[in-house]
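# Observations on the model geometry
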Amino acid sequence: MLKPVIQEEISGCGIASVANILGKTYSEMKATANAMGIYAEDESLWSDTQYVRTMLTHAGVETSAGEIPFESWDALPDLALLSIKHHHENGRNFWHWVVFKRLEDRGFVLDSASYLPSNIRTDFSEMQPKWFIEVTNT
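Residues numbered from 1 in each chain as written. Predicted model: local features only at pLDDT ≥ 70, side-chain atom pairs only at ≥ 80, totals over all residues. Heavy atoms only, no water.

### Things to note about the overall build of the chain
Summing up its helical and strand segments, the chain has three helices and seven strands in all. Going from N to C terminus, the chain has its helices and strands arranged as α-α-α-β-β-β-β-β-β-β. Taking 14 Å as the expected radius of gyration for a compact globule of 138 residues, we find that the chain reaches 14 Å, a close match to that expectation. Overall size of the chain, expressed as C-alpha extent along the three principal axes, is 35 × 35 × 35 Å. In the chain, the share of contacts with a sequence separation of at least 24, taken over all contacts with a separation of at least 6, comes to 57%. (Helix = DSSP H or I, 4+ residues; strand = E, 2+ residues; numbered from the N terminus. Rg over C-alpha atoms; globule rule 2.2 N^0.38 Å. Contact = heavy atoms within 4.5 Å.)

Spelled out as structure tokens, the structure:
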């Protein structure tokens, strides 16, 4: 049974998403991130995509070089970091990281938000992604 990682900090969705991809706990991934100088509370990371790539690369996982515009759920690769809940604050873009995964031709989203009734989501019409980062070689 798949057990999604729940973020333990309000701004820890990136760390939790990487933990979901790597099969780590939140505390394991947070310790690794902190050792790399990556902290969930660092506001400069809240509108940055490089730090999740850095954590994945450190674990030997490859990612797409750039963000790929979202076109449809069917067009997504089998594993991707997905940006949802896009908004602007003080001229900066912000979003929430989730993980899209496809197993046996069935897609779902691992969403680390602690307030959700279920962290395995298939309510695709509610999420409205803007772009994704493809994840390969896991």
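Having put the structure on the table, let's press on.
### Quick word on unusual backbone geometry
Despite not being glycine, Lys-85 shows a phi value in the positive range, around 55 degrees. Note that Lys-85 resides in strand 3 (residues 79-89). Relative accessible area serves as the criterion here: at 39%, Lys-85 is assigned to the partly exposed category. (Buried < 20%, exposed > 50% of the residue type's maximum accessible area, 1.4 Å probe, protein only.)

### Brief notes about helix 1 (residues 13-22)
With nine of 10 residues buried, helix 1 is to be regarded as a mostly interior element. If you check which residues of helix 1 are buried, you get Cys-13, Gly-14, Ile-15, Ala-16, Ser-17, Val-18, Ala-19, Asn-20 and Ile-21. Along its buried surface, helix 1 packs onto helix 2 (26-35), helix 3 (50-58), strand 3, strand 4 (92-103), strand 5 (106-110) and strand 7 (131-136).

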